[in-house]
Amino acid sequence: RITRLTDYTPPAYAIDSVHLRFDLDPAKTRVHSRMAVRRVAGAAESAALVLDGEDITLLTLKVNGEFVAFRQETDKLVLDKLPEAFTLEIETLNVPQANTQLAGLYMSGGAFFTQCEAEGFRRITYWPDRPDVMSRFHVTLRADKAAYPVLLSNGNLVSHTDLDGGRHEAVWDDPFPKPCYLFALVAGNLVCREQTVRAASGKTHLLQVYVRAGDLDKTEHAMESLIKSIAWDEQRFGLSLDLDRFMIVAVSDFNMGAMENKGLNIFNTKYVLANPATATDADYDGIESVVGHEYFHNWTGNRITCRDWFQLSLKEGLTVFRDQEFSQDLAAAAGGESARAVKRIEDVRVLRTAQFSEDAGPMAHPVRPEQYQAIDNFYTATVYEKGAEVVRMMQTLVGRAGFRKGMDLYFQRFDGQAVTCDDFAQAMADANPQSPLAQHLVAFKRWYSQAGTPHLHASGSLDPASRTYTLTLRQTLPDTPGQSDKQPQVIPVAMGLLGPDGAALPLWLDGQDKGSDTVLVLTETEQTFTFGNIDAAAVTPSLLRRFSAPVILDYAYPDADLLHLLAHDADPFNRWEAAQRLTLARVLAAVRGDELQLDPAYLDALRAVLRDPKLDPAFKELLLTPPGESYIAEQLDEVDPPRIHRARQALRTALAHELADDWQALWDSLTPQGGYSPDFASAGRRALRNLAQAHLCELGQTSWLGRVYQRVKDADNMTDRFAALAALVQVGAELAKPALERFAAQFAGEALVMDKWFALQASSPDHDGRQLDRVRALMQHPAFSLQNPNRARSVLFAYCQANPGAFHRADGAGYAFWAEQVQALDAINPQVAARLARALDRWRKLAPVYRDAAQQALRSVADSAMLSSDTREIIERALAN
Ligand code: ARG
Ligand code: ZN
């Protein structure tokens, strides 16, 4: 069944308030719901009330205390002939212990949790499960006190009392009306770290982070991140916490990262738990940004929510943008503007790897999709990351201060409502009437409705006679499934010009002095910009600085220009980008069959970066890391993944040898200063030092490998310990085996560390053609489980998605394995299975030997009789496009 944006109709009935009562029991939980229902103004008297329900048993249904007739359709209840206002009472039965989908009410580690976004609430009780029905929730939880001492729900705790028979009861009241997808409950044996904070408003708030008993020593960073998030949102957007109490709960069985339930955020343990012994610098960063993300949803998502799920990016794109800005501001406060650039590069790397490939494949969809079978399939890089870029472009077009004005107007207009992406863009434009956003709003909004990654073609010419430099920009947008003949979008192009000495040239445009860095706004298919007063003998354009738009820049940069930008550009993003382009060109030549050639100019440029004392170690590490295998694959018309792997590997080996002295010097000079701290500067030093270590391993010297093995044993933090382990595994060293065994013995009790251990092995290069056997062996490990999403991902995704060089095999064995696992997982957890299904999204690009086998595997899954609509949607789209 397909749901379409054009079919949207407002709800006929509102539920102003609801009293929910849960009698919690793993085998039979009774849910009693008493709703105050009212027909909305303008709805027909004959309008039916439609309630969604899935995998639950209806026990009773009463209208104003009386049993009434109703129609039961698949996953729906329909009530006709209703009074204008009435009380609706429904009782249902849930079986939480049988809920392996982890949507609705389920159990994890002996405790109860819920996940309702997008359509999980219907798995708890019958309800109009759509975000534009907003209600006041009053919740009573009852459970056995010994087994479930902690009972939590949204909002404020009203009372907590003991009941007969060893049971107890907690009553919670959420003062803010909300859609049901923001409902949550938690019941179990948990402990918490808590702290009261005084906000800028003067109000005090109780902050709590709930975890299992042994994990309290891993909650400090999450708590600190929450406190920083609260301060940042007040300071940057004037938005303060609107509840007396704010809770975060960690759960080890969770389908995604985290969930912004009002006042009761529920998180994957991966994004809460950290201490130096178990978490890496990347984990610390992930926690900071996800804690921020969920907290920021309180305003962008909860106070103002989505009218329907097609508007998902209204909250997700905006909130990703906000969490990116949060992390950038924190980094800049610690490490200055170059630290901000490091964060930007990391985000762009994710966008270009995950989103650009999505936009080029069978799942391509606009930021505001137009149809879906399973909405859970549209929690995508396009809705999240491209959506964030669309918001970022708005900020670029109206300026930081203008963006703040737009946000203020957005809250003034829509607080407490369920609205659309159009509403947001309109508020931004109305708050900035003179801006290019307001002037070109219709064209700008095509970013929401047109799928595909635009190509920005640029060409420039210098005319010494007229002392001008002319830049021509042209945009094209490829066809995507179901969409062709697209219209031009609004593309902000931040740029500058460099002279032959590397200095910035002044930008004179239309008789105006634009300084040394400006934003050109492309609004037509093609436009020309002429810069005056150019006296330089040669000009190198630095285009799309800071990656000012999510486009593919097609400009035929000669190597000399790239080397020039790498050495001199004032924009760190474009320095990094120049290095990426230089490296990419060399890897692509090797993929095409030429021998890998590393020319002296290129190597000297890299050396100069490594030796530059003014550059951040974190920036150097990014600059020296070549583009990933899937990004390389996207640059090719026909893909041979093992070949790409070999070419990239050849580059690493060559860089290891050519820059050996520099790697050694870095290793020696970047020795840790003091104990572990996850701060920006220390993390950057570790990252660069560990990159040096990995390259030195490529040289294969026994004594060095022995030293690295020693680090697996002795490192005082997980970042360094794991980097050492990974370096040994990556080169296939003999010592990898004992190192892995040691590591597993040491961390057997730490689930998140064991996830890393599984993932490292599943994603390791296929040194001997037996990698698939090793992956199967990992699945036989007593600690492996298909039920736990983190663990399943740590093996299956690490192999099928993160290890293209080993997964794609001419004999198709990798694909057969994939088909088998997609089906096994689908029977347990359709949402996770549908994610794994996407590993073959780009099958049409594969070289023929792989392509035929991949198609066969896709067909075998499509032919399976029992397939969830989640997985079926992905497979059908892949086969159709
Ligand atoms: N709203 C959550 C977040 O981004 C994610 C919910 C994902 N839900 C899903 N069914 N995939 O913070
Ligand atoms: Zn979100």
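About the cut-offs
- Residues numbered from 1 in each chain as written.
- Chains lettered and ligands numbered in written order.
- Predicted model: local features only at pLDDT ≥ 70, side-chain atom pairs only at ≥ 80, totals over all residues.
- Heavy atoms only, no water.
- Phe/Tyr/Trp six-rings, centres within 6.5 Å; stacked < 30°, edge-to-face > 60°.
- Helix = DSSP H or I, 4+ residues; strand = E, 2+ residues; numbered from the N terminus.
- Near = heavy atom within 4 Å.
- Polar contact = N/O pair within 3.5 Å; in protein donor to acceptor, adjacent residues only side chain to side chain.
- Areas by Shrake-Rupley, 256 points an atom, 1.4 Å probe, with all protein chains shown as cover.
- Nonpolar A, V, L, I, M, F, W, Y, C, P; charged D, E, K, R; others polar.
- Donors = N, O, S within 2.8 Å, 3.2 Å for Na, K, Ca; no water.
- Tetrahedral: all angles 85-135°; square planar, octahedral: opposite > 155°, others 65-115°.
- Pairing = 2+ DSSP bridges.
- Expected span 1.5 Å × (residues − 1).
- Buried < 20%, exposed > 50% of the residue type's maximum accessible area, 1.4 Å probe, protein only.
- Salt bridge = Lys/Arg side-chain N within 4 Å of Asp/Glu carboxyl O.
- Axes fitted to C-alpha atoms, helices over the stretch in contact; angles between N-to-C directions.

Asker: It is not clear to me how the packing of aromatic side chains should be interpreted in this structure. Could you clarify?
Answerer: In this description, an aromatic ring pair is defined by two values, namely the gap between the centres and the angle between the planes. Applying the stated criterion across every chain yields a total of 38 aromatic pairs. Taking 6.2 Å as the distance between ring centres and 70° as the angle between the ring planes, the aromatic pair formed by Tyr 13 and Phe 86 counts as edge-to-face. Remark: Phe 86 occurs in strand β9 (residues 85–94) and Tyr 13 occurs in strand β2 (residues 13–23); sequence separation between them is 73 residues. Pairwise contacts between aromatic rings join Trp 232, Phe 237, Phe 246, Tyr 295, Phe 296, Phe 321, Phe 326 and Phe 403 into one cluster.

Asker: Quick question: what am I supposed to make of the site of ligand 1 here?
Answerer: For ligand 1, the set of nearby residues contains 15 residues, the closest of which are Glu 117, Glu 260, Glu 294, Asp 376 and Tyr 384. Take Asp 376: an N or O atom from its side chain is 2.6 Å from a nitrogen atom of ligand 1. Measuring from an oxygen atom of ligand 1, one finds a side-chain N or O atom of Tyr 384 at 2.5 Å. A total of 350 Å² of accessible area belongs to ligand 1 in isolation, and the protein chains cover 95% of it. Of the residues assigned to the shell around ligand 1, the class counts are six nonpolar, three polar and six charged.

Asker: Honestly, the coordination of the zinc ion (ligand 2) in this entry has me stumped. Any pointers?
Answerer: Six octahedrally arranged donors around a metal ideally form angles of 90 or 180 degrees; four tetrahedrally arranged donors ideally form angles of 109.5 degrees. At the metal site, the zinc ion (ligand 2) is ligated by His 293 (NE2), His 297 (NE2), Glu 316 (OE) and Glu 316 (OE), and these contacts range over 1.9 to 2.7 Å. Each of the six donor atoms around the zinc ion (ligand 2) contributes to a set of angles spanning 47 to 161°, which defines the coordination as irregular.

Asker: Which parts of the structure should I look at to understand the sheet that holds strand β21 (residues 258–259)?
Answerer: Pairing between the strands of a sheet comes from backbone hydrogen bonds, and it takes one of two forms, parallel or antiparallel. Taken in spatial order, the five strands make up an open sheet running β18-β19-β20-β22-β21, and their pairing is mixed. Two strands close off the open sheet at either side, each with one partner strand: β18 (191–198) and β21. The pairing of β18 with strand β19 (residues 204–211) spans eight bridges and is antiparallel. Considered in β19, the bridge of Arg 193 is made with Val 209.

Asker: Can you help me understand helix α14 (residues 641–658) in this one?
Answerer: In an α-helix, one full turn covers 3.6 residues, which means residues spaced three or four apart are oriented alike. Here α14 spans 26 Å end to end across 18 residues, near enough to the 26 Å set by a 1.5 Å rise per residue. For α14, the set of buried residues is Pro 641, Pro 642, Ile 644, His 645, Ala 647, Arg 648, Gln 649, Leu 651, Arg 652, Ala 654, Leu 655 and Ala 656.

Asker: What exactly am I supposed to notice about the pattern of salt bridges here?
Answerer: Oppositely charged side chains are able to pair whenever their charged atoms sit close together. One pass over the structure, following the stated rule, counts 73 salt bridges. With its nearest N and O atoms 2.7 Å apart, the salt bridge here joins Lys 315 to Glu 117. Remark: Glu 117 occurs in the loop between β11 (111–115) and β12 (134–144) and Lys 315 occurs in helix α3 (residues 312–359); sequence separation between them is 198 residues. Judged by its relative accessible area of 1%, Lys 315 falls in the buried class. By relative accessible area, which is 7% here, Glu 117 ends up buried. Where Arg 340 meets Asp 329, a salt bridge forms, and the shortest distance between an N and an O atom there is 3.0 Å. The residues Arg 340 and Asp 329 share a single accessibility class, namely buried. Look at the salt bridges and you will find they share partners, linking Arg 236, Glu 325, Asp 329, Glu 337, Arg 340, Arg 392 and Arg 400 into a network.

Asker: Hey, could you run me through the pairing of β2 in this one?
Answerer: Along any regular strand, the residues point their side chains to alternate faces of the sheet. Two strands pair when backbone bridges link them, and β2 and strand β3 (residues 29–39) are joined in this way by 10 bridges, in the antiparallel orientation. In the sheet register, Ala 14 faces β3, and the bridge partner there is Arg 38. Two successive antiparallel strands, β2 and β3, enclose a turn made up of five residues. When β2 meets β12, the two strands line up parallel, connected through seven bridges. Opposite His 19, over in β12, you have His 138 as the bridge partner.

Asker: Teacher, can you tell me more about the sheet that holds strand β17 (residues 185–188) here?
Answerer: With antiparallel pairing, the four strands of this open sheet are ordered in space as β10-β11-β17-β13. Either end of the sheet is taken by a strand with one partner, and the two such strands are β10 (104–108) and β13 (150–153). Between one strand axis and the next, the sheet turns through 15° on average, direction left out of account. Bridge count for β10 against β11 is five bridges, and the pairing is antiparallel. Bridged to Gly 104 within β11 is Gln 115.

Asker: Can you help me understand the side chain of Ser 135 in this one?
Answerer: Inspection of the secondary structure puts Ser 135 in strand β12. Looking at Ser 135, its side chain comes within polar contact range of the main-chain oxygen of Ile 15, at 2.6 Å.

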